[in-house]
Amino acid sequence: MQRSIFKRYLGITMGIILLSFLMLGSVMLFFFRSYWRQEKKELLTTNAASIAGIAGSFLTETGENAYELQTDVLSAFLASFSTSIDADIFITDLEGQILLGNYANSHLEDPDLVPKQAVKAAVSGAYENWGTFGGLYQGSFYTVGVPMHVKGGPCVGAVFAATSAVTVNAYQGEAVKIFLIAAVAALGVSFCVVGAFAYRLVKPLRQMSAAARSFGAGDFSVRVPVTSTDELGQLALSFNNMANSLTNSEGMRRSFIANVSHELKTPMTTIAGFIDGILDGTIPQKEQEKYLQVVSSEVKRLSRLVKSMLDLSRIDSGEMKIHPAEFDISNTIVNTLLTFEQRIDAKQLEIKGLEELGPQMVYGDQDLLHQVVYNLIENAVKFTNAGGAISFLVTDGIDRTTVVIENTGPGIAQEDLPMVFDRFYKGDKSRGRDKNGMGLGLYLVRTILKLHGGDIGVSSIPGQYARFEFYLPKPQVAPKLKEPAAPKTKEKAGGRGKENRHRVEKAKAEAEKREQPGPGGPPEEGPSDRKEQ
């Protein structure tokens, strides 16, 4: 297909150039012929008028209205004029009888008569003809005629001057020959230049076509050389950027398949092993409840995996819709913390900032934003070092509500920060740190926040902390003056284990007391146990 484009482009371009040459040649020949005819007309007319004036001096009156032309001396003048302009010059009376002539151009042998119509037209003022002049000539001649007057007297005849059309045809033939030589040379140069340009124009397209076929075969390593900064260069650069994106996507896809395979295989192997042990009696009756708890945990893990995949599918298809309502984001944080109580106690983590959490209403989909908080807290608990701390901060701004979740621990490497919210991205390729992750949690977090008009950012110092900060915009309402908050007494943060649990439960109880929920109050399970909207 690329060759046909090359041939079409080259053929069309050369056709346009050839047509331009033909039009130019036709116009040139037309103007050349017109110019030659006008020049010959002036030349013949001038010389014929000169001969008519001279002949008037050689007329002798022989009677009333009768004159005789003295040809002895006049013939010399006539021969000189005829030879100098390479034309036939002859003098006739009013009846068309040739009185004197010189035929330097046609070499006629003493013709006698000319058409009376021509004499009549010449006597009337001027005569012009392109042809055989009434059969006088065998070929095409250009003839002009002027009247001949006696000095101070009447018109007694006419003077004609004629030249062959062969002359102009010869001139035109030479001009056409020169033009054709120049046109062929120009066409040859144009063919080489246009061919080289067309090949250079099509070459990147052929390379892109070959690269696209390689992509179709699964090889994403091919790149198109960028050799210019014009539109083709920009197209090649965009194509290479697309290839890089495809390479990254392919790498993430393979990583995702490996991760999902591992995530599905591990809990299913665990579940199958424990269930088989219970059925065949390998696991004693008194320990069956313990292993059933493990099975339940693995089932919930599978449920979270399936839910993440469903959410990802809904995002890609544009089917994820939000159902906004006002709710207390602080209460959501406290309820979510309770679901991680055992893991927090096991790692002896300190929870900071709960004492400063006051009721803060936000406008959004409560279930989706619960998943945002859940994923962020899950990451914080997972990556906080044993004996470390997790702190929370909720601030109320003019046009937004901001939530900050920070945890101590190994943090995130600087080179990983721009990619932590990418789909399927996992900073630890060895899976040693994040053994249960698939690289979807933070991607879902950012997507959900963007559906609400918000966003999330991350900052970290490796070996010290990782901080995630997201915001939710407030509905567009008329601003109100904020009443000054009552002074609070800041309690000293600290303690582990039961002290953390006591503070979480106290914060939750205060939130429930403020909201006074009915029998269908908010559940305390993770997003995997919530019903899809």
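Residues numbered from 1 in each chain as written. Predicted model: local features only at pLDDT ≥ 70, side-chain atom pairs only at ≥ 80, totals over all residues. Heavy atoms only, no water.

Caption draft 1: Summary view of the overall build of the protein chain. Each helix and strand counted, the protein chain has eleven helices and 14 strands in total. The 533 residues of the protein chain split such that 39% are buried. Taking all contacts inside the protein chain whose residues are at least 6 apart in sequence as the whole, residues at least 24 apart take part in 67%. Summed over all atoms, the accessible surface of the protein chain reaches about 30100 Å², with 58% contributed by carbon and sulfur. (Helix = DSSP H or I, 4+ residues; strand = E, 2+ residues; numbered from the N terminus. Buried < 20%, exposed > 50% of the residue type's maximum accessible area, 1.4 Å probe, protein only. Contact = heavy atoms within 4.5 Å. Areas by Shrake-Rupley, 256 points an atom, 1.4 Å probe, with all protein chains shown as cover.)

Caption draft 2: Local environment of the side chain of Lys 40. Looking at the element boundaries, Lys 40 is found in helix α1 (residues 2-57). The buried charged residue Lys 40 lacks any salt bridge, with Asp 86 as its nearest oppositely charged partner at 6.2 Å. Excluding residues within four positions of it along the chain, Lys 40 makes contact with Thr 45, Ile 85, Tyr 142 and Thr 163. (Lys, Arg positive; Asp, Glu negative; His and termini not counted. Salt bridge = Lys/Arg side-chain N within 4 Å of Asp/Glu carboxyl O.)

Caption draft 3: Region of the structure containing the nonpolar core. With 39 residues, the main nonpolar core has Leu 376, Ile 377, Phe 392 and Phe 470 as its most contacted residues. Counting residues per element, the ones that place at least two in this core are α7 (329-339), α9 (366-383), β11 (389-396), β12 (400-408), α10 (441-451) and β14 (465-473). Tallying contributions element by element places α9 first for this core, with nine residues. Apart from residues no more than four positions distant in its own chain, Phe 470 is found in contact with Val 372, Val 373, Leu 376, Thr 401, Thr 402, Val 403, Leu 449, Asp 455 and Ile 456. Formed by 23 residues, the second largest nonpolar core is a distinct cluster that contains Leu 78, Ile 89, Leu 100 and Val 159. (Core = buried A, V, L, I, M, F, W, Y, C linked by side-chain atoms within 4.5 Å.)

Caption draft 4: Just helix α2 (residues 71-85), in detail. Here α2 spans 20 Å end to end across 15 residues, near enough to the 21 Å set by a 1.5 Å rise per residue. The complete set of buried residues in α2 reads Leu 74, Leu 78, Ser 82 and Ile 85. For α2, the arc enclosing every buried residue in end-on projection is 75°, short of the 170-degree limit, so these residues lie on one face. The outward face of α2, more than 90 degrees from its buried face, is lined by the exposed residues Asp 72, Thr 83 and Ser 84. (Expected span 1.5 Å × (residues − 1). Arc of directions from axis to C-beta.)

Caption draft 5: Representation of the pairing of strand β13 (residues 455-461) within the structure. As paired elements, β13 and β14 share seven bridges and run antiparallel to each other. Its bridge partner lying in β14, Ser 460 is registered against Ala 466. Adjacent in sequence and paired antiparallel, β13 and β14 are bridged by three residues, among which Gly 463 carries a positive phi angle near 85°. (Pairing = 2+ DSSP bridges.)

Caption draft 6: Just the sheet that holds strand β4 (residues 98-103), in detail. Taken together, the five strands give an open sheet; going across it, the order is β4-β3-β7-β6-β5, and neighbouring strands pair in antiparallel fashion. In this open sheet, the two edge strands, each paired with only one partner strand, are β4 and β5 (127-131). Ignoring which end each strand starts from, the neighbouring axes of this sheet average 15° apart. Pairing of strand β3 (residues 88-93) with β4 involves five bridges; the strand directions are antiparallel. For Asp 88, the partnering residue across the bridge sits in β4 and is Tyr 103. Along the sheet face, α2 touches β3 and β4 and points at about 35° away from the line of β4. Along the sheet face, helix α4 (residues 165-216) touches β5, β6 (141-149) and β7 (155-164) and points at about 35° away from the line of β7. (Axes fitted to C-alpha atoms, helices over the stretch in contact; angles between N-to-C directions.)

Caption draft 7: Just α7, in detail. Burial within α7 is extensive, with ten of its eleven residues counted as buried. Burial in α7 covers these residues: Ile 329, Ser 330, Asn 331, Thr 332, Ile 333, Val 334, Asn 335, Thr 336, Leu 337 and Leu 338. One side-chain oxygen at the N-terminal end of α7 lies 3.0 Å from the backbone nitrogen of Ser 330; it belongs to Asp 328. (Polar contact = N/O pair within 3.5 Å; in protein donor to acceptor, adjacent residues only side chain to side chain.)

Caption draft 8: Summary view of the pairing of β7. Within β7, ten of the ten residues are buried, leaving the element largely enclosed by the surrounding structure. Two strands pair when backbone bridges link them, and β3 and β7 are joined in this way by six bridges, in the antiparallel orientation. Residue Asp 93 lies in a different strand from β7, and its bridge partner there is Gly 157.

Caption draft 9: Up close: the pattern of salt bridges. Taken as a whole, this structure holds eight salt bridges when the rule is applied. Notably, a salt bridge pairs Lys 177 with Glu 174, separated by 3.9 Å at the nearest N-O pair. Of this pair, Lys 177 and Glu 174 both sit in helix α4, three residues apart, roughly one helical turn. The exposure class of Lys 177 is partly exposed, given its relative accessible area of 47%. A relative accessible area of 43% means that Glu 174 is categorised as partly exposed. Close ionic contact of Asp 399 with Arg 400 constitutes a salt bridge, the shortest N to O distance being 3.7 Å. Classification of Asp 399 by relative accessible area gives partly exposed; the value is 47%. When salt bridges with common partners are traced through the structure, they connect Arg 446, Lys 450 and Asp 455 into a single cluster.

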